[in-house]
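Each chain, letter by letter, is given below.
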Amino acid sequence: MSLPIIDETHDPARTSWVAGADGHPHFPVQNLPYGIFSDSDGRPRPGVAIGDRILDLQAVAALLPDAIVPTLSGSTLNALFALPAADRRTLRRRLSALLVDPTNRPAVAPALLPASACTLHLPMAIGDYTDFYVGIHHANNVGRQFRPDNPLLPNYKWVPIGYHGRASSIRPSGVPVVRPRGQRKPPDAEVPSYGASERLDYELELGVWIGPGNRLGETIPIGAAADHIAGFCLLNDWSARDFQAWEYQPLGPFLAKNFHTSVSPWVVTAEALAPFRTAQPPRPDGDPQPLPHLWDDADQAGGALALELEVLLQSAAMRDAGMAPVTLSRGPATNMYWTVAQIVAHHASNGCDLRPGDLLGTGTISAPTRDGFGSLLEISRGGTDPIELPSGEMRRFLADGDAVTLRATARAPGRVAIGFGECTATVLPARA
Ligand code: CA
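One structure accompanies this document, and this report is about it. (Residues numbered from 1 in each chain as written. Predicted model: local features only at pLDDT ≥ 70, side-chain atom pairs only at ≥ 80, totals over all residues. Heavy atoms only, no water.)

### As for the coordination of the calcium ion
Here comes step 1: Surrounding the calcium ion are the protein donor atoms Asp131 (OD), Glu203 (OE), Glu205 (OE) and Asp237 (OD), at 2.2 to 2.4 Å.
Here comes step 2: Counting along the primary sequence, the residues that act as donors to the calcium ion give the motif D-x71-E-x1-E-x31-D. Of this pair, Glu205 sits in strand S13 (residues 204-210) while Asp237 sits in the loop between strand S14 (229-236) and strand S15 (239-240), and the two are 32 residues apart along the sequence.
Here comes step 3: On the basis of relative accessibility, which here comes to 1%, the residue Asp237 falls in the buried class. (Donors = N, O, S within 2.8 Å, 3.2 Å for Na, K, Ca; no water. Helix = DSSP H or I, 4+ residues; strand = E, 2+ residues; numbered from the N terminus. Buried < 20%, exposed > 50% of the residue type's maximum accessible area, 1.4 Å probe, protein only.)

Laid out in structure tokens, this is it:
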């Protein structure tokens, strides 16, 4: 397994001449995430976040490696992420040098735009989206609500469970989510009805952006999986629990999940996260050893990520009163039963082709205790145990006007912390 390399771009002593970049909670010069932005001219194009600014990559093309420049000419990052990781690393090292060495300032500074004046778009044309279910505590919590004595089904510890999601309804952070209408049948109802969801929920997930990928009929051996993981984002898998409970058997999630999915717009690269690799937590005693095609010792030793994940909520009343969002949960991303390399290797293990810009969701990542649960379904124990907001309002599930924000920060001893930016959206009332 060739995990990303730590090099001079990660040096904690590196500082940038861009004002406000050093000490920035998300985008110091050690991060350099890619995104697609537009400014007042409305033309979406590739950029890199540095502090509170966006570096327009097309405007500095003459300063970038010749072989990479053609991949930056469009309005998505698919071509860039189709390149091998070695090319991405070359570009990262060049960008780091441009933003660190002040002699580049005259040439580069005119290509910096204030992020507050730009719009961020989806970073990729997403061909396919697959959602997994590897958050072990989430799977236990939700399984227990349906099957108190047997929360995990027998396949869970053998195979990374997933289903094919819908790419067309994925939107970047900031686009409001309209409360969906759908079919639901409460337990006490004789027949189902169609109407606005009464149990709208969020799911805290990591998104995985696929890099080069594989040809149809070929596999991605687990030892090569890291070469196909280009970067990461935050992902909110909005869920209508009432639709879900009625429709999910026997084929799994459908309209309860596909009405809207939010992602953070910046792609935090696998290279940027190299210093934040950590060991996958050992499997509990008695759990089965995965089959050989899903096991790699190097992946177990360094295939997890030292990320702290956080969910915040701000109701309309809180917003009107000037109250800050309240943290609903916080926890580490290591609460995943399978690594991202294992889910990538599994996805391609039957010859299914993964393509540049495909998106995988990890599944909801919950910590073992309520202050780390990654959905309201878990926090409110299926809607039976509401929480109180600082405004005095109670929540079992989301109300119209609620804004949900996901955050992630990567930390490691002796390293400059980097963030993912935010994945946020406000719930709008159902359409008439
Ligand atoms: Ca999910």
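### What to know about the sheet that holds strand S1 (residues 34-38)
Here comes step 1: Taken together, five strands build an open sheet; the order of strands is S4-S3-S2-S1-S5 and the sheet is antiparallel. Every other strand in the sheet has two partners, leaving strand S4 (112-114) and strand S5 (119-121) as the edge strands with one partner each. For this sheet the average axis-to-axis angle between neighbouring strands, irrespective of direction, equals 50 degrees.
Here comes step 2: One ladder, built from four bridges, connects S1 with strand S2 (residues 45-50); its direction is antiparallel. Bridge pairing in S2 links Ile36 to Pro46.
Here comes step 3: On top of the sheet, helix H2 (residues 85-100) reaches S1, S2 and strand S3 (53-56); it is set at about 65 degrees to S1, its chief contact. (Pairing = 2+ DSSP bridges. Axes fitted to C-alpha atoms, helices over the stretch in contact; angles between N-to-C directions. Contact = heavy atoms within 4.5 Å.)

### Description of the pairing of strand S20 (residues 307-314)
Here comes step 1: A large share of S20 lies buried, amounting to seven of its eight residues.
Here comes step 2: Direction of pairing for S20 relative to strand S25 (residues 403-410): antiparallel, over a ladder of eight bridges. Looking across to S25, one finds that Leu309 is bridged to Ala408.

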